[in-house]
Amino acid sequence: MKLKFKASFAALGAMAVILTGCSTATPASTTDTSDGGITIGVSFEHLNEIRSAELAGIKDAAKKNGDKVVFVSADDDAQKQASQIQDLIQTQKVDALIVIAFNKDQITSSIALAKANNVPFLTIDRATTDQENISFQITGDPVADGKLVAEQMIAADKDLKVLQLIGGLTDQNAVGRRDGFVAGLKGQTAVSIVADVPTDWDPTKALDGTSNALEKNPDINAIYVPSDYLLPSVLSALDAAGKLKPVGDPDHVFIVTIDGDPVGCQALADKTIDADIATLVGDFGTQAVEAARALSAGETVDPHIVEIAGLAINQGNFSDEKANVWGCADVK
Amino acid sequence: MSKIARSRSIGSATWRAVSSQPLIPAGLVLIALFGVIEPNFASGSNALNIATQASVLLIAATAMTFVILTAGIDLSVGAMIFLAGALVTSTWLQSLPPALALVLVALCCAVLGGLNGLGVAVVGVPAMIVTLATLQIFRGLGGHITGQRSVIVDDDLRFMGRGDVAGIPLPFVVAIAVILFGTFVLRRTVFGRFVQAIGSNQPAAMNAGLPVKRVLIGVYAFAGLLVGIAAMVQVGRLGAVQPTLGSGFELTVITAVVLGGTSLTGGRGSVIGTMIGALILAIVENGLVLIGASAYIFDIVRGAVLLSALLLSGIPQQLLRRLRADSSSTPQSART
Amino acid sequence: MTVIDDSLIVPALELRGISKSFAGVPAVRDVSFAIGVGQVVALAGENGAGKSTIKNMIGGILRPDSGTILVRGGEQAASVAGVRAQHVTTVHQEISLFADLTVAENIWINSLSGRAPFGVSLRKLAARSESVLERVGAHFSPLATLGDLSTGQTQLVEIAKALVSNPKVLVLDEPTASLTMTERHYVFNAVSSLRDEGVGILFISHFLEEIFQLSDRIVVLRDGGLVADLPRKELDRASLEALMVGRELAAGFPAISPPTDQIALSVSGLTDDTITDVSFELRRGEILGVSGLMGAGRTEIARAIFGLSEAHGDVAVYGVPLKPRSPQAAIAAGVAFVTEDRRDEGIFLERPIRETLSVVALDALGKPRWSGVIDREQERRKAVEQAQQMHVTARGGLEANGISLSGGNQQKVVIGKWLETAPRVLILDEPTRGIDIGAKAEIYRLLAELAREGLAILLISSEMEEILGMSHRVAVMARGRLLGILDRDDADQKKLIRLATGGEL
């Protein structure tokens with residue numbers, strides 16, 4: 001038993017090492033550029049596909065101007081993010097910060113630190129609780145995205161009975177996307193919501209909820225999916241109900257999603273869904289870097305809170321617009 | 001001189017397990033209520049719908065029943081489902097025949113479960129701490145494999161979540177097989193008896209010379225195996241592996257087990273009870289959508305179900321004991 | 001002390017034809033007795049005779065199914081609070097105090113609720129507690145936190161709390177169970193002075209000496225019914241025991257047959273943290289008593305032999321060395337161990353009795369044997385046989401949970417589970433602790449019978465009478481060492497105590 005004991009610890013330890021190895025393998029990386037530009041510190045809460053696209057947007061914009069980018073990832077740890085930002089400000093002496101906060105409340109102390117050191121603090125993609133002391137913020141516009149979804153459905157020019165999936169009821173983004181959609185449907189009768197399914201962004205709840213709604217309302221012929229994240233679940237539910245038909249089939253269920261990630265782009269390319277409202281994450285980077293230059297030169301940026309609506313891509317404009325959508329880069 | 005009367009026949013043991021479920025009346029009331037509000041609810045196709053949706057929970061909750069019976073807990077269930085899903089999508093298994101790949105993943109889960117068991121039984125760390133740690137490890141590993149992306153699962157690896165046997169959805173067939181097997185193991189085998197003995201009184205089990213450590217490791221490994229199977233079904237149904245897969249699922253699983261009358265202090269409970277608990281949770285979720293309840297009502301009802309599960313785990317046991325004693329009230333032996 | 005005639009004044013408390021059943025099983029049947037003003041009535045009976053049920057009905061916790069309870073001639077109130085308001089106070093055996101509050105707060109807790117929310121002055125409470133603490137002989141500060149006190153001291157607080165409620169009827173349930181001799185003395189004095197003040201006292205105790213010392217009358221219960229209600233002077237110890245048990249106790253202990261010469265268990269040089277170099281031999285058919293004071297290392301010998309602790313030294317069963325030592329190896333060699341704490345270490349309280357009986361021998365019940373699938377018919381049959389052989393009284397049958405058994409029957413089940421393995425060496429640690437006289441006698445008879453059939457028995461006990469009555473030889477332990485083994489004929493209580501306390505023979 002003693003031996004087993006050691007073995008078990010060794011195994012657990014090995015796992016831990018593998019994990020920490022993975023998570024710490026993202027040290028500060030520097031993009032070399034010519035002199036003359038500013039240095040921008042970039043702190044993300046973690047690095048995944050979409051964050052990579054956002055980082056690429058920042059780097060591309062910085063490159064054009066000859067600015068330097070120092071990037072750190074906090075691995076979903078608010079404490080780590082705070083100390084990384086402190087390091088960027090005090091040791092690396094960056095001229096501006098572009099941040100995606102892991103915790104929108106706890107980041108307040110980092111915002112204060114930046115202000116005390118006269119370093120412009122910019123956030124992208126996610127709003128922080130402290131809206132007063134940040135220098136610039138650019139995020140998507142969930143309400144506008146929801147309205148765009150409504151436009152896409154109305155443009156179908158059919159009587160649509162819509163199943164609406166809702167993300168999390170405590171999530172501003174999810175609520176905004178719902179409210180925008182509901183508002184966008186006002187004043188017309190062709191498109192109507194016949195069922196709501198709350199999902200808490202849980203794929204399983206999306207799958208089961210969609211199945212249940214299809215059971216109750218067999219005449220549902222459109223689904224509003226508030227994120228590509230939930231799209232596979234919705235497609236599986238349709239498949240299980242025998243209702244997964246390509247665009248153009250008379251029994252096709254009209255589907256509009258938001259995000260424009262690779263899953264959504266592929267579904268568009270495969271003619272499985274009708275439209276996707278792509279978040280322009282590349283633009284976040286471009287606009288943030290412009291604002292950073294202006295702020296570090298002492299200028300003011302007005303307005304300092306910016307929301308940009310997504311880009312609607314659908315079966316009609318897909319081949320033209322796919323180059324502008326980060327998730328569509330690898331679409332076959 | 002006293003006599004020991006033969007108390008009950010074997011068949012009545014099953015009846016006792018069923019009749020000791022305070023939930024059956026509650027479940028019937030729910031079904032009637034939903035059925036009246038929404039006629040579609042009581043349809044055959046909706047019954048199959050509920051059965052399919054409950055299947056993953058049924059399998060995982062059967063696993064959790066064994067763990068909780070030993071007075072343990074396994075918080076890593078949801079993370080293990082994610083990790084198993086990640087393994088299914090990993091490139092290492094792409095070259096293998098799909099069935100073999102799934103078997104390998106299930107065995108891998110059994111080994112990971114066994115690690116939980118080693119921590120609990122040999123190192124002696126409380127199960128909650130061990131599995132909280134492995135929860136993070138499993139989630140981290142899964143995230144590493146998938147790169148925190150939504151990964152679409154190949155169709156030929158999805159067979160556990162689709163298809164049917166004579167019109168019964170395959171996930172539910174798998175769930176029923178697991179429940180029958182779990183009941184058999186628990187009620188009819190030496191291993192099952194040891195599980196209950198250890199949960200009921202661990203020092204007594206030690207003193208009786210039972211292989212306590214081996215049984216504990218076995219329980220967590222068995223639970224891991226079943227969770228692996230649950231993951232196959234889940235991934236097959238979803239068609240994609242996503243970073244939040246299984247997140248928070250352990251709470252639903254524990255709720256189902258506790259609703260089903262298994263005591264969190266171990267030693268007392270049944271797989272059949274767990275099955276009823278899980279089905280009630282699935283009926284509630286399904287019924288709420290069908291009657292068109294507002295999204296906010298969902299959270300209220302989920303909370304109320306969890307609360308009643310916790311209340312049930314305490315109070316009615318005494319009540320039940322009394323009821324059961326009532327049905328066998330005649331003293332069966334004369335005192336000296 | 002004045003003897004007051006019940007008929008002249010209204011009794012402090014009167015029970016008339018009280019009955020109470022639980023789930024159809026009668027616990028108390030048609031019991032009537034009265035407690036006069038200024039009278040101490042002792043309630044005697046074995047475990048399960050119905051004493052607690054009566055106590056709880058008097059306290060208002062339970063309602064009788066039929067019959068009436070009169071408090072000073074009036075109807076008893078219908079709630080616990082109402083009964084308390086009638087100045088009927090119960091001191092429960094299960095202590096009902098708050099470990100994080102001070103002694104003073106605990107004493108006055110019931111009168112705190114009526115006060116202004118911010119009006120509690122700890123200092124005032126403490127001052128008011130001094131006299132009552134003195135009265136029960138407590139030598140600790142009223143400002144002490146209850147959790148820091150010993151069990152005996154908390155018992156005194158419980159009694160002090162009862163005194164401040166100004167009781168007219170006081171029920172004391174085993175008030176002295178965890179007290180030292182001095183503390184007992186104070187409690188007795190407090191009881192006596194309450195009696196002189198006219199309080200009617202019901203005194204429940206297992207200690208027969210205390211019953212004879214304190215009470216004016218003795219009420220004896222058996223199986224829920226009243227079997228005697230007599231003035232103390234008309235009873236002696238033997239007649240009281242006979243009334244409680246319901247039959248004449250077999251005169252002392254059963255005869256034990258002489259052992260064989262064959263060595264069943266040999267222990268040499270057994271040493272661990274507590275015990276040092278313990279060596280002895282136990283023969284087939286022999287009962288070897290192990291005596292000694294608390295902490296002398298008696299239990300540790302048993303645990304070391306059974307492989308529950310890490311110890312050096314050699315143990316052999318019928319010449320075969322037990323190595324390495326583990327419970328599994330010991331069981332395989334034919335050793336069985338009945339631990340001193342049957343509730344926490346021996347029986348599965350929340351599982352059917354059948355499962356406790358079969359758990360040790362479960363591997364042998366496989367059908368087919370290797371499959372690990374239990375042959376339930378065989379299991380049931382064996383459990384019934386064993387329970388019958390052990391004279392287990394299980395009112396709910398063997399499918400009832402272990403918790404439904406009385407202490408004596410739990411012990412029989414624990415011994416019975418080991419007999420399923422057909423052991424050759426049986427180690428018993430305090431096998432009769434806390435069980436009543438009738439069950440004790442049955443266990444003694446059983447041990448004698450097992451020894452006659454050839455079982456070698458190691459009997460660890462604190463009860464010297466039991467050791468002397470039941471053993472062929474007696475081993476005496478002190479401070480971890482085995483000081484000597486006396487033959488039964490040579491041994492008496494004085495010698496055992498002298499050896500156990502380090503004296504020479």
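What you are looking at is a predicted structure, and each value in this text was computed from that prediction instead of being measured. (Residues numbered from 1 in each chain as written. Chains lettered and ligands numbered in written order. Predicted model: local features only at pLDDT ≥ 70, side-chain atom pairs only at ≥ 80, totals over all residues. Heavy atoms only, no water.)

Our focus in this paragraph is the interface of chain A and chain B. Listed per partner, the contact involves 37 residues of chain A and 47 residues of chain B. Summing the contributions of chain A and of chain B, the shared interface buries around 3,500 Å²; its carbon and sulfur component is 63%. Our count for the chain A to chain B interface comes out at two salt bridges. One can count 17 residue pairs in polar contact (both at pLDDT 80 or more) joining chain A with chain B. Elements supplying a minimum of two residues to the side of chain A that touches chain B: α1 (2–23), β8 (191–198), α7 (203–216) and α8 (231–240) of chain A. Considered class by class, the residues forming the side of chain A that touches chain B number 20 nonpolar, eight polar and nine charged. (Contact = heavy atoms within 4.5 Å. Buried area = accessible area lost by both parts, 1.4 Å probe. Salt bridge = Lys/Arg side-chain N within 4 Å of Asp/Glu carboxyl O. Polar contact = N/O pair within 3.5 Å; in protein donor to acceptor, adjacent residues only side chain to side chain. Helix = DSSP H or I, 4+ residues; strand = E, 2+ residues; numbered from the N terminus. Nonpolar A, V, L, I, M, F, W, Y, C, P; charged D, E, K, R; others polar.)

On to the pairing of strand β6 (residues 136–140) of chain A, then. All names here are of chain A. Within β6, five of the five residues are buried, which leaves it mostly tucked inside the rest of the structure. With four bridges joining them, β6 and strand β12 (residues 305–308) adopt parallel strand pairing. In the strand pairing of β12, I138 is matched with V306. (Buried < 20%, exposed > 50% of the residue type's maximum accessible area, 1.4 Å probe, protein only. Pairing = 2+ DSSP bridges.)

Attention now moves to the state of the cysteines. By definition, a disulfide is the covalent link that joins the sulfur atoms of two cysteine residues. Per the stated rule, a full pass over the model turns up one disulfide over all chains. Between the sulfur of A:C265 and that of A:C328 lies a disulfide, 2.0 Å long from S to S. Across the S-S bond linking A:C265 and A:C328, the dihedral sits near -75°, which makes this disulfide left-handed. Of this pair, A:C265 sits in helix α9 (residues 262–269) while A:C328 is found in the segment after α11 (318–321), placing the two residues 63 residues apart along the sequence. On the accessibility criterion, A:C328 (4% relative accessible area) is buried. Left without a disulfide partner, B:C108 is nearest to the cysteine sulfur of B:C109, which lies 6.0 Å away. (Disulfide = S-S within 2.5 Å.)

To continue, consider the packing of α7(A) against α8(A). Residue and element names in this part refer to chain A. Between α7 and α8, the least distance of the axes is 8 Å, while the angle of their chain directions is 35°. Between α7 and α8 lies a crossing of right-handed hand. Residue-level contacts link P203, A206, L207, T210, S211 and L214 of α7 to S233, V234, S236, A237 and L238 of α8. Along the lines of polarity and charge, the residues of the contact of α7 with α8 split into seven nonpolar, four polar and no charged. (Axes fitted to C-alpha atoms, helices over the stretch in contact; angles between N-to-C directions. Left-handed = near helix turned anticlockwise from the far one by under 90°.)

Time to look at the packing of aromatic side chains. One pass over the structure, following the stated rule, counts eight aromatic pairs over all chains. Relative to A:Y224, the ring of A:F181 has its centre 4.3 Å away and its plane inclined at 40°; by these criteria the two rings are tilted. Placement of the pair is A:F181 in helix α6 (residues 172–184) and A:Y224 in strand β9 (residues 222–225), with a sequence separation of 43 residues. Each member of the pair A:F181 and A:Y224 is classed as buried. Where C:F306 meets C:F337, the ring centres are 5.4 Å apart and the plane angle is 55°; that geometry is what we call tilted. Taken as a pair, C:F306 in the loop between α10 (298–305) and β14 (312–317) and C:F337 in strand β16 (residues 335–338) lie far apart in primary sequence, 31 residues in all. Here C:F306 falls in the buried class, since its relative accessible area comes to 0%. Among the residues examined, C:F337 registers a relative accessible area of 2% and is labelled buried. Within the aromatic cluster, the residues linked to one another by ring pairs are B:F66, B:F181 and B:F222. Across the ring face of C:W108, the terminal group of C:R128 is positioned such that the distance to the ring centre comes to 4.0 Å. (Phe/Tyr/Trp six-rings, centres within 6.5 Å; stacked < 30°, edge-to-face > 60°. Lys NZ or Arg CZ within 6 Å of the ring centre and 35° of its normal.)

To continue, consider the nonpolar core. One finds A:I223, C:I305 and C:I457 to be the most contacted residues of the largest nonpolar core, which totals 247 residues. Broken down by element, the residue count for this core peaks at 17 residues, all from helix α10 (residues 212–238) of chain B. Ranked by size, the runner-up nonpolar core spans 44 residues in total, among them C:I107, C:A126, C:L133 and C:V220. (Core = buried A, V, L, I, M, F, W, Y, C linked by side-chain atoms within 4.5 Å.)

The subject of this paragraph is the sheet that holds strand β8 (residues 200–204) of chain C. Residue and element names in this part refer to chain C. Within the open sheet, the six strands sit side by side as β6-β7-β8-β3-β9-β10. Their pairing is mixed. Pairing within the sheet leaves two strands with one partner each, and these edge strands are β6 (88–91) and β10 (225–231). Here the strands of the sheet are splayed against their neighbours by 15° on average, with no regard to which way each runs. In terms of strand pairing, strand β9 (residues 217–222) meets β10 through six bridges, oriented antiparallel. By the bridge assignment for β10, V220 is matched with A228. Across the sheet, helix α9 (residues 237–245) touches β3 (40–44), β9 and β10, and the angle it forms with β9 is around 30°.

The omega torsion of the bond from A:D302 to A:P303 falls at -5°, within 30 degrees of zero and hence cis. Mapped onto the fold, A:P303 is located in the loop between α10 (281–296) and β12. Here the residue pair C:K323 and C:P324 is connected by a cis peptide bond, since its omega of -5° sits within 30 degrees of zero. If you check the backbone angles, C:A422 has positive phi at about 50° while not being a glycine. Its place among the elements puts C:A422 in the loop between α15 (407–419) and β17 (425–429). Accessibility expressed as a relative area gives 56% for C:A422, which makes it exposed. Residues other than glycine seldom take positive phi values, yet C:E430 does so here, at roughly 50°. Along the chain, the position of C:E430 falls in the loop between β17 and α16 (437–452). A relative accessible area of 5% means that C:E430 is categorised as buried.

Right, let's get into the pattern of salt bridges. All told, the structure shown has 33 salt bridges over all chains when counted by the stated rule. The residue A:K205 makes a salt bridge to A:D200 at a minimum N-O spacing of 3.3 Å. B:R268 is the partner of C:E350 in a salt bridge, and the nearest nitrogen-oxygen pair spans 3.1 Å. Here C:E350 is found in the loop between α12 (342–345) and α13 (353–358), whereas its partner B:R268 is found in the loop between α11 (249–259) and α12 (271–290) on a different chain. Judged by relative accessible area, which is 23%, C:E350 ranks as partly exposed. One network of salt bridges, in which partners are shared, links B:R193, C:R351, C:R354, C:E355, C:E379, C:R380 and C:E399.

Residues and elements named next belong to chain B. Direction vectors running N to C along helix α5 (residues 98–123) and α10 enclose 145°, while the axes themselves pass 6 Å from each other. Note that α5 runs across α10; the crossing there is right-handed. Looking at the contact of α5 with α10, its residues break down into 15 nonpolar, six polar and one charged.

All names here are of chain C. Within the secondary structure, L122 is located in helix α5 (residues 122–135). Sequence-wise, L122 and E105 are 17 residues apart; in three dimensions their C-alpha atoms are separated by 7.4 Å. Apart from residues no more than four positions distant in its own chain, L122 is found in contact with T102, E105 and L143.

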